[in-house]
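# Commentary on secondary and tertiary structure
Chain by chain, the residues run as shown.
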Amino acid sequence: MKSDQEVLIDGYLSNSLTALQKQEFNKLMSEDQQFAEEVAFHEKMKVAIRLEERERLKARFNTLDPQSNTKKMWWYAAAAILFFGIMGWWGSAQFSRDSENLYYSYFEPYPNVVEPIVRSDAEQSGLSAQAFAWYEKGEYEKANDAFATLFEENQKAADLFYQAISLMALDRSAEAIPLLEQQKEEDSFYEAAQWYLALAYLKEGQESQARFCLERVREAGGFLSSQAIDLLNELDNTK
Amino acid sequence: MNKEERFVQDIRKGDKEKLEKIYSDNRDHFLTFARKYQLHDEQIKDIYQESIIVFYENILDGKLVTLQSSIKTYLFAIGKYKLIQYLRKEEKYDVFPFEEKDLLDHISIQEMPSEEELDGKTAVLRTGLRQLGPKCQEVLRMFYYEGKKLEEIQMQLGYESKDTVKSQKSRCIRQLKKLVGAYEK
């Protein structure tokens, strides 16, 4: 692209074209396909830069906010690890390291099957849509809070389930366990909940509980059963 | 020029710390104010952050060169406007009276398409932008987001001449095109 064309495009984007330049710009737009494409590219690029910068600013603002509890949790976790070390429970530590590895290789947040995000849909507003939007964007801290509020309001098992997954994604599986245990057999997320429960128990080093849940998943014979069988085999092999 | 106008000037020139100070100084007050509308704290924080960004972009666009009122009043006018927008979308609550109408006439709120509405091309461009070197990212950001002139960028980044900045910018765009082309294949 010629350099004077770039000047025209930049002037157009910053709304600073002179009357004469405007004429030239419009002429090129209607006659020169390549120029028109160049303008379209620049416009998109400008939007992309703006979105990038906004995201960066938000991330920066988040660091300015008073620290939430996650940091504290880390300290508790660190203290717990230290405690086990001092007690000399090497065997148990060994197991928990292996099982933790298994946890990380199997854990993946459950897809959002409740509120697929379609922004143009006017029906989709409210905290529920917002919660799932955060969940999909990986903003689990926010999602966790929102699902907790939703569950308090509506007592829907699905919200509790997604809150638990958000917690696990935040590495807070111990807190997720009691939530997952509340899923009843007739709830639609029961089987998935058993699968995540197994992973959470593994993370917490409770292998027998984990196996118990995995066997349930296997017996249910649903879409998670093959994964459950794989994980059970791996547990046998790490023995 | 009063103290607050100088503050705004500094932000326009690139002093992010001052923007951060505005953010921190007014956050709690805004949270308290917005809680009356039964919103979740996280939602309020989102609205507040978006308001600060609108405020910042208006400074960059040179719309707040002279202040008719304090920074805080401006910021809250934007914040309330954003809050009303949000509550309307929710269709849940009665909208509260909005007294700062004439203030808002001086402010433009650049609505951006939500991420889901954008076509794939923008997403690809964003990925491409992140692959560029820091120099390129900086030049493009200063020129296209902060609206700085080539001379200002030259001064701030210590380039030899305005033309060096210009050719650097063209080079970065070419590089971006190449990256985007590679993703699209």
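Residues numbered from 1 in each chain as written. Chains lettered and ligands numbered in written order. Predicted model: local features only at pLDDT ≥ 70, side-chain atom pairs only at ≥ 80, totals over all residues.

## Remarks on the overall build of chain B
A tally of helices and strands in chain B yields 9 helices and 0 strands. Beginning at the N terminus, the succession of helices and strands in chain B can be written as α-α-α-α-α-α-α-α-α. Buried positions account for 30% of the 185 residues belonging to chain B. (Helix = DSSP H or I, 4+ residues; strand = E, 2+ residues; numbered from the N terminus. Buried ≥ 20, exposed ≤ 12 C-beta atoms within 10 Å, placed from the backbone.)

## Here's the deal with helix α11 (residues 207-220) of chain A
All names here are of chain A. With 14 residues, α11 extends 20 Å between its outermost C-alpha atoms, agreeing within 8% with the 20 Å of an ideal straight helix rising 1.5 Å per residue. Of all the residues in α11, the buried ones are A210, C213, L214 and V217. Seen from one end, α11 has its buried residues packed into an arc of 100°, which puts them on one side. Turned more than 90 degrees away from the buried face of α11 sit S208 and E219, all of them exposed. (Expected span 1.5 Å × (residues − 1). Arc of directions from axis to C-beta.)

## Regarding the interface of chain B and chain A
Each side of the interface is counted separately: chain B has 27 residues, and chain A has 28 residues. A per-class count over the side of chain B that touches chain A returns 10 nonpolar, 8 polar and 9 charged. (Contact = placed C-beta atoms within 7 Å. Nonpolar A, V, L, I, M, F, W, Y, C, P; charged D, E, K, R; others polar.)

## Here we look at the packing of helix α2 (residues 16-35) of chain B against helix α3 (residues 41-60) of chain B
For any two helices packed against each other, the geometry comes down to the angle between their axes and how far apart the axes lie. Residue and element names in this part refer to chain B. Where α2 contacts α3, the axes come no closer than 10 Å and their chain directions differ by 135°. Classed by the angle they form, the pair α2 and α3 counts as oblique. In terms of crossing hand, the pair formed by α2 and α3 is right-handed. Along the contact surface, α2 presents L19, Y23, R27, F30, L31, A34 and R35, while α3 presents D41, I44, I47, Y48, I52 and Y56. When grouped by side-chain class, the residues that make up the contact of α2 with α3 number 10 nonpolar, no polar and 3 charged. (Axes fitted to C-alpha atoms, helices over the stretch in contact; angles between N-to-C directions. Parallel < 35°, antiparallel > 145°, perpendicular 65-115°, else oblique. Left-handed = near helix turned anticlockwise from the far one by under 90°.)

## With respect to the nonpolar core
Core analysis: the largest hydrophobic core is formed by 41 residues, its most contacted members being A164(A), L180(A), Y196(A), L197(A), A198(A) and A200(A). Of all the secondary-structure elements, those providing two or more residues to this core are α6 (127-137), α7 (140-154), α8 (157-169), α9 (173-181), α10 (190-203), α11 and α12 (225-237) of chain A. Looking at which element gives the most residues to this core, the answer is α10(A), with 10 residues. Beyond its immediate stretch of four places on either side in the chain, L197(A) contacts I177(A), L180(A), E181(A) and C213(A). By size, the runner-up hydrophobic cluster in this structure holds 27 residues, among which are V8(B), I71(B), F76(B) and L83(B). (Core = buried A, V, L, I, M, F, W, Y, C linked by C-beta atoms within 7 Å.)

## A few points about the environment of A133(A)
Residues and elements named next belong to chain A. Checked against the element boundaries, A133 lands in helix α6. In this structure A133 comes out as buried when scored by C-beta crowding, with 21 C-beta atoms within 10 Å. Note: C-alpha distance between A133 and A143 (10 residues apart in sequence) is 8.1 Å.

## Describing the environment of A40(A)
Structurally, A40(A) can be placed in helix α3 (residues 33-64). Sequence separation between A40(A) and I9(A) is 31 residues; the distance between their C-alpha atoms is 9.7 Å.

## Observations concerning α6(A)
What α6(A) keeps buried is the set S128(A), Q130(A), A131(A), F132(A), A133(A), W134(A) and Y135(A). At its buried positions, α6(A) is contacted by α7 and α8 of chain A together with α3 of chain B. Downstream of α6(A) by a residue or two, G138(A) has a phi angle that is positive, lying close to 80°.

## Overview of unusual backbone geometry
Residue and element names in this part refer to chain A. Phi angles above zero are rare outside glycine, and N15 is one such case at about 60°. Positionally, N15 belongs in the loop between α1 (3-13) and α2 (19-31). Under the C-beta neighbour-count criterion, N15 is labelled exposed, with 8 such atoms within 10 Å. With a phi angle near 55°, Q155 is a residue other than glycine that sits in the positive phi range. Looking at where Q155 falls in the secondary structure, it is placed in the loop between α7 and α8. Of the residues examined, Q155 has 9 C-beta atoms within 10 Å and is grouped as exposed.

## Let's talk about the environment of L87(B)
Inspection of the secondary structure assignment puts L87(B) in helix α4 (residues 71-90). Residues L87(B) and L39(B), 48 residues apart in the sequence, show an inter-C-alpha distance of 9.1 Å.

## Some thoughts on the packing of α6(A) against α7(A)
All names here are of chain A. The interhelical angle for the contact between α6 and α7, taken along N-to-C directions, is 150°, at an axis separation of 8 Å. When the interaxial angle is binned, α6 and α7 end up roughly antiparallel. Two packed elements cross with a definite hand, and for α6 against α7 that hand is left-handed. Packed against α6, whose contacting residues are L127, S128, Q130, A131, W134 and Y135, the element α7 presents K142, A143, A146, F147, T149 and L150 at the interface. Partitioning the contact of α6 with α7 into residue classes produces 8 nonpolar, 3 polar and 1 charged.

## Remarks on the confidence of the model for chain B
Residues and elements named next belong to chain B. Residue-level pLDDT values for chain B average 84, and 83% of them are 70 or greater. Within chain B, helix α5 (residues 101-104) has the poorest average pLDDT of any element, 63, and helix α7 (residues 134-145) the best, 94. Listed scores for the predicted complex are pTM 0.58 and ipTM 0.89. (pLDDT = per-residue confidence, 0-100.)

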